[in-house]
Amino acid sequence: MFNTERKNEKGESEIAICPLCGLRVEFIGAPMVRCYSTGETYERTNVRWIKKSKVPIETGYDVENIRGNDSVHDFLPNAHKQVDEIEA
């Protein structure tokens, strides 16, 4: 995993923005990054880095729409507690 926030050469904080959906990137994996909003993947070099001060506060993460109470459709591993199986 790679950091989704970094300092530029001027010492300003920059955050990773998905080039596909325009939301914040929560996970940068190797070798590809997945946009959870669109389901597409792209190269790590295509991540857009924008100064944190220029990104609107209401800009959410690209994984927000898949976090929920539905353990079947939630793509994040270990997002839900394991349900004990009941033997019949």
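Quick caveat: nothing in here was measured; it's all calculated off a predicted structure.

J.: Looking at this model, I keep getting lost on the sheet that holds strand S2 (residues 13–17). Mind explaining?
T.: The strands that make up a sheet are held in pairs by hydrogen bonds between backbone atoms, and each pair lies either parallel or antiparallel. Pairing is antiparallel across the open sheet formed by 3 strands, whose spatial order is S1-S2-S5. The open sheet is flanked by strand S1 (5–7) and strand S5 (48–51), the only strands paired with a single partner. Averaged over all pairs of adjacent strands, the angle between their axes in this sheet comes to 35 degrees, without regard to strand direction. Summarising the sheet, S1 and S2 pair through 3 bridges and their orientation is antiparallel. Opposite Glu5, over in S2, you have Ile15 as the bridge partner.

J.: What exactly am I supposed to notice about the pattern of salt bridges here?
T.: Tallying each qualifying case throughout the model produces 3 salt bridges. The residue Glu5 makes a salt bridge to Lys52 at a minimum N-O spacing of 3.4 Å. Here Lys52 lies in the segment after S5 and Glu5 lies in strand S1, a separation of 47 residues in the sequence. Glu5 gets classed as partly exposed once you look at its relative accessible area, which sits at 37%. Looking at Lys52, the relative accessible area reads 38%, which means it is partly exposed. For the salt bridge of Lys51 with Glu12, the shortest nitrogen-to-oxygen distance reads 3.7 Å. Of the two residues, Lys51 is situated in strand S5 and Glu12 in the loop between S1 and S2; the sequence distance between them amounts to 39 residues. The exposure class of Glu12 is partly exposed, given its relative accessible area of 28%.

J.: Looking at this structure, how should I read the side chain of Asn8?
T.: Locating Asn8 in the fold gives a position in the loop between S1 and S2. A polar contact of 3.0 Å, which involves the side chain of Asn8, links it to the backbone nitrogen of Lys10. Apart from the residues within four sequence positions on either side, Asn8 is in contact with Glu14 and Lys51.

About the criteria used
Residues numbered from 1 in each chain as written. Predicted model: local features only at pLDDT ≥ 70, side-chain atom pairs only at ≥ 80, totals over all residues. Heavy atoms only, no water. Pairing = 2+ DSSP bridges. Helix = DSSP H or I, 4+ residues; strand = E, 2+ residues; numbered from the N terminus. Axes fitted to C-alpha atoms, helices over the stretch in contact; angles between N-to-C directions. Salt bridge = Lys/Arg side-chain N within 4 Å of Asp/Glu carboxyl O. Buried < 20%, exposed > 50% of the residue type's maximum accessible area, 1.4 Å probe, protein only. Polar contact = N/O pair within 3.5 Å; in protein donor to acceptor, adjacent residues only side chain to side chain. Contact = heavy atoms within 4.5 Å.

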